[in-house]
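Next come the chains, spelled out residue by residue.
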Amino acid sequence: ALTMAAKRRKNDRSGRPSKKQQVAKDTENEGSKIPPLPTLYRICVKDGTEAQQMDNVKQWEERGALTEIVWPFLVENPNSKLFYHGCHLLVLLISHHFEEGSFGTYSLDFINDETTTQSVLQKLLYKTDHKDYPLQTKIIHFLIVALSSNNEMLCKTVAKTLGGVQLMHWMPDRRRELELKKSAGLRRKFAQSKKEDMWLVQSTQLVLELLEGNSEFGQLVKIQKEEANEMTMDVPTDVWIFIHRYLELLIDLLSMASSRLFLVPYLDAIHFGIKCRLAVGNQFAVPENLILVQHLLGRINSLLTFPIDESTQKHLSKVDVVSKHHSRATILQKMAYRHYPDELKTVIYAGVGLLCSDQERRSYLERSLIGFSDKSLQKLMYKMCLLPADDNTRMTRSFMVQVLSNHLSIPPYPMDQLRSFPLYPTETTLWDHNVIPPSNRELRISSVLALPKLNAKYLSFQDYLMRNFELVRLESAYEIRSDLVNVVKRVRPLLRQSALDESEDIQLSTEFAGWSRMSLEIDQPLTITEVQPPKLGETVSAKVTAEVSIDLQHCGDAIREEWDAIGEYDSLFLVAIDASKMSGKPAPLMRDYHLRHGVHKMWDSDNGEKRVPDDEDSTFCERYGITMVRGCMVRSVRNESGTVLSEPGIQVPEEQRGSTKRIFKIEMDSAQYVMDRKSGVGAESYKKFNLIVRRQGRENNFKAVLETIRGLLEGAGSIERVIPQWLKKLVLGTDDTTVASYRSASMKEYAMKTVGVNKPTDFLDFGDTFLSEGHLRESFQGKMTIDGEKKPSKGSSDTPRRNYSIRVAETDGQTNTEAKSEPFPEGITGNPVRFTPLQVEAIHSGLSPGLTMVVGPPGTGKTDVAVQIIASLHHSFPTQRTIIITHSNAALNDIFSKVMARGDINERYMVRLGAGERDLDLESTHDFTKIGRVAYSIQRRTELLEEVQQLSESLGISGKASRGADGSPSYTCETAEYFYKLQVLKAKRDFDAKVETLTADKGSEPDVSSIFPFSKYFKVNEKITVAGAELYFQQLQGMFEELVEYRPYEVLRSQRQRANYLITKQARIVAMTCTHAAIARSNLIELGFEYDNIVMEESGQMMEIESFIPFLLQRGKSDDSVAGRSRLKRVCMLGDHNQLPPVVKHTAFARFSNLDQSLFTRLIKLGVPYIQLDKQGRARPELMKLYSWRYNNLSNLPHVQSRPEFQLANAGFAHTMQLINVEDFQGSGESCPTPYYYQNLGEAEYVVALFQYMVLIGYAPEQVSILTTYNGQKGLISDIVSQRCGAGMPLEGIRPRTISTVDQYQGQQNDIILLSLVRTKTVGHLRDVRRLVVAVSRARLGLYVFCREEVFSNCHELKNTMQQFEEKPSKLQLILGETSPSERKLEDDIPNDKIFEVEDVSHLGSIVHSMQEQTLEGMEDPPSE
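Notes on the structure in this doc start here. Not measured: the values here are computed from a predicted model.

## Notes on the overall build of the protein
So, step 1. Each helix and strand counted, the protein has 58 helices and 30 strands in total.
So, step 2. Looking at the protein residue by residue over its 1425 residues, the buried ones come to 54%.
So, step 3. For the protein, restricting intrachain contacts to residue pairs at least 6 apart in sequence, the fraction spanning at least 24 positions comes to 75%.
So, step 4. Working note: accessible area of the protein is about 63,900 Å², and carbon and sulfur atoms make up 48% of it.

## Section: empty space enclosed by the protein
So, step 1. Summed over the entire model, instances satisfying the criterion amount to seven cavities of 30 Å³ or more.
So, step 2. A volume near 180 Å³ is recorded for the largest cavity.
So, step 3. The wall of the largest cavity is formed by 17 residues, among which Leu292, His433, Asn434, Pro437 and Leu449 lie closest to the centre.
So, step 4. Within the lining of the largest cavity, the residues separate by chemical class into eleven nonpolar, four polar and two charged.
So, step 5. Along the walls of the second largest cavity sit Pro172, Arg174, Arg175, Ala269, His271, Cys385, Leu386, Leu387 and Pro388, which together make up its complete lining.
So, step 6. Its residues assigned to classes, the lining of the second largest cavity comprises six nonpolar, one polar and two charged.

## Description of a negative patch on the surface
So, step 1. A cluster of like negative charges, contributed by Asp557, Glu561, Glu654 and Glu655, occupies part of the molecular surface.
So, step 2. Locating glutamate 561 in the fold gives a position in helix α27 (residues 557–564).
So, step 3. A residue is classified by how much of its surface remains accessible, and glutamate 561, at 59% relative accessible area, is exposed.

## Remarks on the sheet that holds strand β9 (residues 764–767)
Strand-to-strand pairing in sheets goes through backbone hydrogen bonds, with the strands running parallel or antiparallel.
So, step 1. The strand order across the open sheet formed by four strands is β9-β11-β12-β10, and the pairing between neighbours is mixed. Sheet topology places β9 and β10 (783–786) at the edges, where each strand pairs with a single neighbour. In this sheet, adjacent strand axes meet at a mean angle of 25 degrees when their direction is disregarded.
So, step 2. Docked against the sheet, helix α37 (residues 837–847) engages β9 and β11 (802–811), running at close to 130 degrees with respect to β9.

## Structural notes on the pattern of salt bridges
Think of it this way: side chains of opposite charge can pair up when their charged atoms draw near.
So, step 1. Tallied over the entire structure, the rule returns 75 salt bridges.
So, step 2. In this structure, the salt-bridge partner of aspartate 1092 is lysine 1129, at a minimum N-O distance of 2.7 Å. With aspartate 1092 in the loop between α46 (1074–1087) and β17 (1093–1096) and lysine 1129 in the loop between α47 (1104–1108) and β18 (1130–1135), this pair connects stretches of sequence that are 37 residues apart. Across the pair, exposure class does not vary: aspartate 1092 and lysine 1129 are buried alike.
So, step 3. Here the residues in one salt-bridge network are Arg908, Arg940, Glu943, Glu1042 and Glu1045, joined through shared partners.

## Thoughts on helix α9 (residues 152–162)
So, step 1. Every buried residue of α9 is listed here: Leu154, Cys155, Thr157, Val158, Ala159, Thr161 and Leu162.
So, step 2. The elements touched by buried residues of α9 are α7 (114–126), α8 (133–148), α12 (199–212) and α14 (237–254).
So, step 3. Its side-chain oxygen placed 3.3 Å from the backbone nitrogen of methionine 153, asparagine 151 serves as the N-cap of α9.
So, step 4. Just past α9, the residue glycine 164 takes up positive phi, approximately 100 degrees.

## Some points on the packing of aromatic side chains
So, step 1. Taken as a whole and assessed by the stated rule, the structure comprises 42 aromatic pairs.
So, step 2. Residues tyrosine 1049 and tyrosine 1061 carry aromatic rings whose centres are separated by 5.4 Å and whose planes lie at 90 degrees to one another, so their mutual orientation is edge-to-face. Taken together, the residues tyrosine 1049 in helix α44 (residues 1048–1051) and tyrosine 1061 in helix α45 (residues 1055–1066) connect sequence positions twelve residues apart. Considered together, tyrosine 1049 and tyrosine 1061 belong to a single accessibility category, that of buried residues.
So, step 3. The rings of Phe991, Phe1012, Phe1014, Tyr1017, Phe1018, Tyr1032 and Phe1033 are connected pair by pair, giving a single aromatic cluster.
So, step 4. Sitting over the ring of phenylalanine 928, arginine 933 keeps its end group 4.1 Å from the ring centre.

## Concerning unusual backbone geometry
So, step 1. Here serine 1380 and proline 1381 are connected by a cis peptide whose omega angle stands at 0 degrees.
So, step 2. With respect to the secondary-structure elements, proline 1381 resides in the loop between β29 (1373–1375) and β30 (1395–1397).
So, step 3. For arginine 492, which is not a glycine, the phi torsion comes out positive at approximately 50 degrees.
So, step 4. Within the fold, arginine 492 resides in the loop between α26 (461–491) and β1 (493–497).
So, step 5. Residue classification places arginine 492 among the partly exposed residues on the basis of a relative accessible area of 48%.
So, step 6. Phi is positive for asparagine 1193, close to 60 degrees, though the residue is something other than glycine.

## Some thoughts on the pairing of β18
So, step 1. The buried count for β18 comes to six of six residues, which makes it a mostly enclosed element.
So, step 2. Because side chains alternate across β18, one face comprises the buried residues Arg1130, Cys1132 and Leu1134, and the other comprises Val1131, Met1133 and Gly1135, equally buried.
So, step 3. In this structure, strand β13 (residues 850–855) lies alongside β18, joined through six bridges in parallel fashion. In the sheet register, glycine 850 faces β18, and the bridge partner there is arginine 1130.
So, step 4. Sheet topology places β17 next to β18; four bridges connect them, and they run parallel.

## Re the sheet that holds strand β26 (residues 1298–1301)
So, step 1. Judged by pairing direction, the sheet is parallel, and its five strands sit side by side in the order β22-β28-β27-β25-β26 without closing on themselves. Bordering the open sheet on either side are β22 (1217–1221) and β26, each of which pairs with just one other strand. Put simply, the sheet's adjacent strands are angled 20 degrees from each other on average, direction ignored.
So, step 2. Two elements, strand β27 (residues 1310–1316) and strand β28 (residues 1339–1347), share six bridges in a ladder whose sense is parallel. Counted as the bridge partner of leucine 1315 is valine 1345 from β28.
So, step 3. In the packing of helix α50 (residues 1181–1188) onto the sheet, the strands contacted are β22 and β28, and the crossing angle to β28 comes to about 60 degrees.
So, step 4. This element, helix α53 (residues 1241–1256), spans β22, β25 (1264–1268), β27 and β28 of the sheet and lies at about 155 degrees to β27.

How each quantity is defined
- Residues numbered from 1 in each chain as written.
- Predicted model: local features only at pLDDT ≥ 70, side-chain atom pairs only at ≥ 80, totals over all residues.
- Heavy atoms only, no water.
- Helix = DSSP H or I, 4+ residues; strand = E, 2+ residues; numbered from the N terminus.
- Buried < 20%, exposed > 50% of the residue type's maximum accessible area, 1.4 Å probe, protein only.
- Contact = heavy atoms within 4.5 Å.
- Areas by Shrake-Rupley, 256 points an atom, 1.4 Å probe, with all protein chains shown as cover.
- 1 Å grid on protein atoms, 1.4 Å probe; cavity = no way out; pocket = protein on both sides within 12 Å on 5 of 7 lines; lining within 4 Å.
- Points joined across faces, edges and corners; volume = space filled by probe spheres on them.
- Nonpolar A, V, L, I, M, F, W, Y, C, P; charged D, E, K, R; others polar.
- Patch = residues over 30% accessible without salt bridge, like charges linked within 9 Å, V, L, I, M, F, W, Y side chains within 5 Å.
- Salt bridge = Lys/Arg side-chain N within 4 Å of Asp/Glu carboxyl O.
- Lys, Arg positive; Asp, Glu negative; His and termini not counted.
- Charge placed at Lys NZ, Arg CZ, Asp CG, Glu CD.
- Pairing = 2+ DSSP bridges.
- Axes fitted to C-alpha atoms, helices over the stretch in contact; angles between N-to-C directions.
- Polar contact = N/O pair within 3.5 Å; in protein donor to acceptor, adjacent residues only side chain to side chain.
- Phe/Tyr/Trp six-rings, centres within 6.5 Å; stacked < 30°, edge-to-face > 60°.
- Lys NZ or Arg CZ within 6 Å of the ring centre and 35° of its normal.

Set out below in C-alpha cells:
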C-alpha cells in the first residue's frame, strides 16, 4: 500500500518548495512581520473597536513585540516624540500577558536599562491623566508585575519611585516629627530630600475621594440595600477595576519590608483605613464589586496592624503588641490629666486594659466623652499627634472617636485568630465566591482577588506561615467542593412521599435515587457523645466527640473494602440535604450570571447559551437542597458488637467483622462547634445529616497539613532555634544569598565551630564516588596529589578500585587537591556511575555543611547524585541521621531502591515512612515499614543470639543442655554483652600476649592457628596469620556491637514502642514524602525525633510549605556539645525550576497568589548559588537541542552517541523528530465541551493511526507513549485506542505504554513520544515554557508532535524550539518497506523514492487500514509445505 501510494504522489512532490523556502516566502508577507512602533500604537490603541484593539494586543504580544520592538525603541529613542507611545504600549502588552496568567518562566529581564526604566516611570506616572481610569489601571498592573518580578533593578527602581522618604513630606508635621524622633539616620535622610509631587499620594487621595463619594460619581454606598444596588451599578466599571487594582498595589507594597517603613506611617497618619471603613461600611453590600473592595480593605487593615517593628524588622510578640497599646493609653491619660483633669476623670482613672479593650472600647470611650466638646476633643487629639492642627474638613465627632479608638485598641493577634478558626470548610465557605473565587476567569468579577500572595520575600516567619495557611486552606476547600458536587449530583436527591402517619398526614422525606462509591446514606442520626470543656486560657472546647453509623449491606465487595479501609485520623464529611428546599433550577446562564454579579466581560454570541459549570456555581446549594456541611475526623470504627475494626497494624478477619453495620466514632471541629452553638445551630441540627462522604487518601490529608502549619505558628519562636542561622533569612529572602554556600566565609567559620561537621581543612570522605584514579583526576581542576604522588600512576584507569578522601584548597587563585586512598571493600556493588565533574562538585557541596542547590536538567542524573550524597554521608558520619524527602512515592521508592542496590548500607539503618513503601521492589526478606523493620530487627537479634550460643559452645562455656526446650539460645542481648566482656575480650587479650611472645621468638609472620581461640567457631583448618586473626576479631566485635542495638527490643514490649525506638534511635536513613512529613510532624516532635541532614529530591515540584515543614521535624534544641546551635547541618535540595511547578488545581491560586511557587525556585530567583548538571544521557543529541536552550552549557554524555540504540534511526520514519501540521478534521479543530476540557478529534485520530502504524511495522507497544496537554484530549485518545484496538480488531488488546498528560508524565521517559498539543485558536497553557520543556524532553529516540503549526510557531516564548521543528517538513514523512528494529544508521542518506509523505489524518488512516487487511490476509493463508 505504501509503495503504490508513493508512486501516485511522486510527481506531486516535484517542484514543491522546501520548508525553509516556504518560511522565507511567508516572512516576506507584511502581515506576518511585527510592525514598527507607530503602526503598532495605531492598531493597538487608536484604530478600531476596543475588541479589535485587544485582539491586536494579544496577537503582537504573543509574537514578541514587547522585546523585539517596544523596549528596544524606548532604549534607543529616549527623546523621541513617540516615547510616550512606547511607554503606553509597554504597559498594555505587559498587562495583557499577566492578565492571561503569570507564567513562572516569563520574566522582565529584558528591562535592563535603569535610566530608561526611570524615564518610562516618570512618563507613565506623571504625564498621564489621573482620571483616565483604564490607562491608570494598566499602569498600576504594570507596577504590580514589576514589584513581583525577579528583576532586582526594576523592582528597586519602582519601589523607590513610588515611595521612599519623600512620603514623609506629605504627613502632618507633628506626626512626621514623631516618626523622625525614632532614628537619627532617618532624620538625616529626610533632611536631604525635598517635597515633590508623588503619584502614590495623588492616587491615594483619588481613591479616598471615590470611596467617600466626593467624585463626579457621587456616593458608592447607600444605607438601603435596594438603593445600594442601583447606585453602585451606575458607577463605570473602569472605576471599580481601578479601585481594585490600586488596593492590590497597596497590599503588595505593605507586604514588602522595604516599602513598609514609610508607607505604614503615611497611611496611618492620613487615617486611610478609618476613612475607607467609614466610606464603604462594615456590612457586606451589593454588588460584588463593593464586596471585593471591603475584602481588600480588610487585608490592608491586617497588614497595617501586622505585629512587626517597621524600623528593625523584628517580629513583635503578643506581649509586645499589648505593651505598645497600653503605653498609648497611658499617654492619653497623662494628656487628659494635664489639660482636662475635670472633664475626663473617667478616662484618667480607667484601667489601660479597659481603654485598649477591643470589645468595649467604643462604648466606653463614647460614654467617657459625653459632654466633652468636639473642639476640645480635636485639640486633645492634636496634642497626641493624631490630628493636624485646625483641619476642620470632614472632622466629625464620629470620625475623631474612630481615630482615637483605632489608636488605642489592641488588634487581634494573628495566632489567636487562627486558634479559633475551623479547619474544615462549611457550606457557607465552600459556595461563597468572595472566599473561594471561581477558577474560571470568565466568572470572576475582577482580575484582582482578596487573597494573599507568595512573594520572593516575607516580613517574618509568622507572615510566611499565615499566607501559606490561608492559601492551603482555600485550595483544599476548592478540591473538597469539587468532590462534594460530584457526589451530590451522583446520588440525585429527591423528595418522596412516605407512609402516612397516625394523623393521616402526608409525610415527605429526602431520598436518593442514585449512588456514589464515595458516599453512603447515614443509617442512624448523628449523636454528640462528649463535649470536653475548654482548656485553661482558651475559649474553644477541648474535644467534641460524636458517633454516626452506616450500613454496607448494599455495597459490592470492592466498595465495601474501600469503606472498611477507613481508619484512625481519616477525614469524612457530613452533608445535610433537604430535598424540600431544592430549587430545581438549572445552573444559571453565563450571561445572566455576569449581569447579576456585575462582572465586566465582553462576550461573543457563541457563549450566549453557555451555563455556569456546577463546580463554579454559587447557587449549587440552593439547587440541590444542601443545608449543612461539616467535616470530622475518625477516631475509631467498630461493628455492632463493639469489635474495633480500625486498630493500626491489626487485620480483623472477615468472619469477625460481624454484620455490615459500621459505627464511626468521630471528632468534630471544636472551633466550628462553638461557632454553631453561638449562631443557634445546636445538636438537633446535627441530626439532620443524611449523607457521609469520604475522599481519596492523599487528597484528604489537608487537615493534618493545616494543623501542622498552625502548630508551627503557635511555636513560631521555636522556628528560630530549629532552623540553623544560615538558613533562616534565606527562607525569608532577607539575607545575603551566598551565606549558606559551603564556599562562603561565614559557612567556613560555622564549620570550624560546629561539632559533626567537617572543617575546611579536613579531608572529606567521598567513599566510592570515583570508579578509578583516572576518574578522580578528571573530576578536579588544578593540581592533584594522590597519596603524596603528583603524577598519575601507570595505567591509572585500570588500577583496582579504591575509596578516596579528598581535601581541596585554594591558594593564590590556584586549586590544589589532595586525595588519600583506602581499599575498596569486598562483597559490595557500590557506586556504578561515572560522575561528571559537576556531579562531583554537587556531591562535594552536599557533603559539606550549608545549603546545596542542584539543578538537574532532564536526563542528567540528579537522582544518582542524591543517592551518592546519602551513602557518603552515612559512611562519613555514621552517628548522624539523614532524612530523604520527595514529592511523590515513585521518586522516593526510586532513591530508596538505588540506595539499597549499592549493598554498602545495612538494612537495619533504613526505614520508609508512609504508605508508598508497599511499592518498593527490593531483594529483601522484609518490608521497610516501621513494623517491617521491627520484625527484621527481632529476627536478626534471634540469628545473632544463635551465633553467640554457638560461640559459647565452641569455647566450652555452655553446652546444648543450656538451650531452651525448643532449642532456642540461652543468651539475651544483655547476657551476651557480659559474655563478650568477660570471655571473648579475655580470650583476645590472652591471644595478643601469646602472639607477642611468638613474634619475638620467630621474628616473622607466624602461623597462629594453634593459639587462635576461635578456630572451632569459625571452622578454620588452615594457616592463620596475625592479620587474618584480626579480621576474625573484627567480625566478632561487629556482631556484639549490633546486638547492643537490639537490646531495647527485649525491654520494649508493644509494637508502637519498638517502632518509636527504631525511628528515634536506631534508624540512620529515614525516607518519607513531603506530605507524610506534614502529617507525622507532631508525632515525630513528641517522640523526640532528631536529624542532622536533609536530602530533598523533586524540590521544584513541592509547594513552599511542603519544602519548609521538613526543616522543622525536630524540637528547637541543639546538640549538647554546641550550645545555641541548631542540630541541622546540611540541606541538599535537588530539582529543576525549568520544568513544571507544583500542581495547584485552582488556577487563580496558582497565577494570582503564586501558590505553585516552590521554595527551590524562589531561592534560585533570589540568587542563591546553585550547581547545574551539564551532561545528559537520556535523549539523542538532536532531541536534546529542543530544550537545551533553557539551560547553561547542557551537552551530552558519550553513550548517547556510542550505544547502538542511539546510532540506529527510528524504523519507518524519515526523521528523528517532526512537527506535523494538523488542519481542521471534519470541519473543526479544537473543541471545549466543558471549561478547560479541550479536545481535538483530528489530532487524536492522527496520533492513534500513527501508533497503529508503528505497531504494524514491528514496534513494541511499550516503546511508545502518547502525551497531550489537556485531560480532555487524553480521554478522547484513550477512547479511540479502545475502539481501534478493541475486541475483534486486528490489533486487539494492544495499547501504548502510557496515555497521559504532559503534567502527569513529568519524571518519566520512553523511546518514542507522540505528542498532541490540541489547541488551534491560541497557544493555551503550553505558553508556559516549563510545560514545553517537559513535553519535548520525555523522548529518548523519537518525538512526533501534532499541532496547528501556525498557532505555535508564532508564539514568541516557544520560538527556540519551534524553529528547530521548522527545519523539518510539516507533513509526516515515512520510510517505505522498513520494519523495526531498523538496521539503518542515523546518518545514512535516504533515497527520495523511499520517502513517503502523508497528506493528512485520513490518508494515514487508509494506509493503516490497508496494512491491517494485509496482516489479516497473511494470518489466514495456510503455511506452505
